[in-house]
Amino acid sequence: IPEYAFIGRSNVGKSSLINMLTGHKSLAKTSARPGKTQLINHFLINKNWFLVDLPGYGYARVSKSTKATFQKFITDYFETRAQLVCAFVLIDSRLEPQKIDVEFINYLGESGIPFCMIFTKADKLGKTQVQKNVAAYKKHLLANDWEEIPQYFVTSSADGTGREEILKYIGAVNDEINSGSQF
Ligand code: GDP
């Protein structure tokens, strides 16, 4: 069963997005700190794909060793998951490119892990401002030798923006996988 992983810095809106996508009120819950709750949650959606809720990164007040353990945990996941189809990297659409997010995106790229970007909380600012921040990320990636811009989605868990697009994307990729496996 194909897996789609959701990851982003803490407080980016990951739990809200997962709940918005799945239509559940509280499937995913915010955990205050890494290591306190079970780190990876798998949710089976429509009996045909797994939504994988990965822990948030970028916690400010944790020790270096916790950070290192945590980082290893995440990289271990990415390097061993054969079923992983795509990682959705959540990015706060209100912010200019953040070092930690850019580093993480570059890590995925260098490791050959397919990913999409999801810009969150788009309802919190005007369309023009969202586009400006999206453009800043694109520029950043191009400057980092990316040949093409990865697929991205603009979302709001408050008003449902982006829900259909993401579910349609996942559905299309799943169809492709299923048709391919017959031959
Ligand atoms: P997580 O730590 O990444 O799981 O983030 P949460 O989903 O818990 O969200 C963090 C905070 O941002 C909460 O106070 C949410 O209510 C708020 N939030 C998340 N998504 C949105 C959104 O799309 N729009 C608005 N206005 N607020 C959001």
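Every value quoted in this text rests on a predicted model; they were computed, and no experiment measured them. (Residues numbered from 1 in each chain as written. Predicted model: local features only at pLDDT ≥ 70, side-chain atom pairs only at ≥ 80, totals over all residues. Heavy atoms only, no water.)

(A) Region of the structure containing the layout of surface pockets. The space that makes up the second largest pocket amounts to roughly 400 Å³. Residue lining of the second largest pocket: 14 residues in total, with Tyr57, Gly58, Gln71, Ile100 and Phe104 positioned closest to the centre. Of all elements in the fold, only α2 (64-80) and α3 (99-110) reach the threshold of two or more residues within the lining of the second largest pocket. The greatest single-element share of the lining of the second largest pocket, amounting to 5 residues, is contributed by α2. Grouping the amino acids of the lining of the second largest pocket by side-chain chemistry returns 9 nonpolar, 3 polar and 2 charged. (1 Å grid on protein atoms, 1.4 Å probe; cavity = no way out; pocket = protein on both sides within 12 Å on 5 of 7 lines; lining within 4 Å. Points joined across faces, edges and corners; volume = space filled by probe spheres on them. Helix = DSSP H or I, 4+ residues; strand = E, 2+ residues; numbered from the N terminus. Nonpolar A, V, L, I, M, F, W, Y, C, P; charged D, E, K, R; others polar.)

(B) Spatial organisation of the state of the cysteines. Applying the stated criterion across every chain yields a total of 0 disulfides. Cys86 carries a free sulfur, and the closest cysteine sulfur to it, the one in Cys116, is 3.6 Å from it. With relative accessibility at 0%, the residue Cys116 sits in the buried group. (Disulfide = S-S within 2.5 Å. Buried < 20%, exposed > 50% of the residue type's maximum accessible area, 1.4 Å probe, protein only.)

(C) Representation of α2 within the structure. If you check α2, its first and last C-alpha atoms are 24 Å apart, about what 17 residues at 1.5 Å a residue would give, namely 24 Å. Within α2, the full set of buried residues consists of Phe70, Ile74, Thr75, Tyr77 and Phe78. Looking straight down α2, one finds its buried side chains confined to an arc of 150°; they lie on one side. Exposed and facing more than 90 degrees away from the buried side of α2 are Lys64, Thr69, Glu79 and Thr80. (Expected span 1.5 Å × (residues − 1). Arc of directions from axis to C-beta.)

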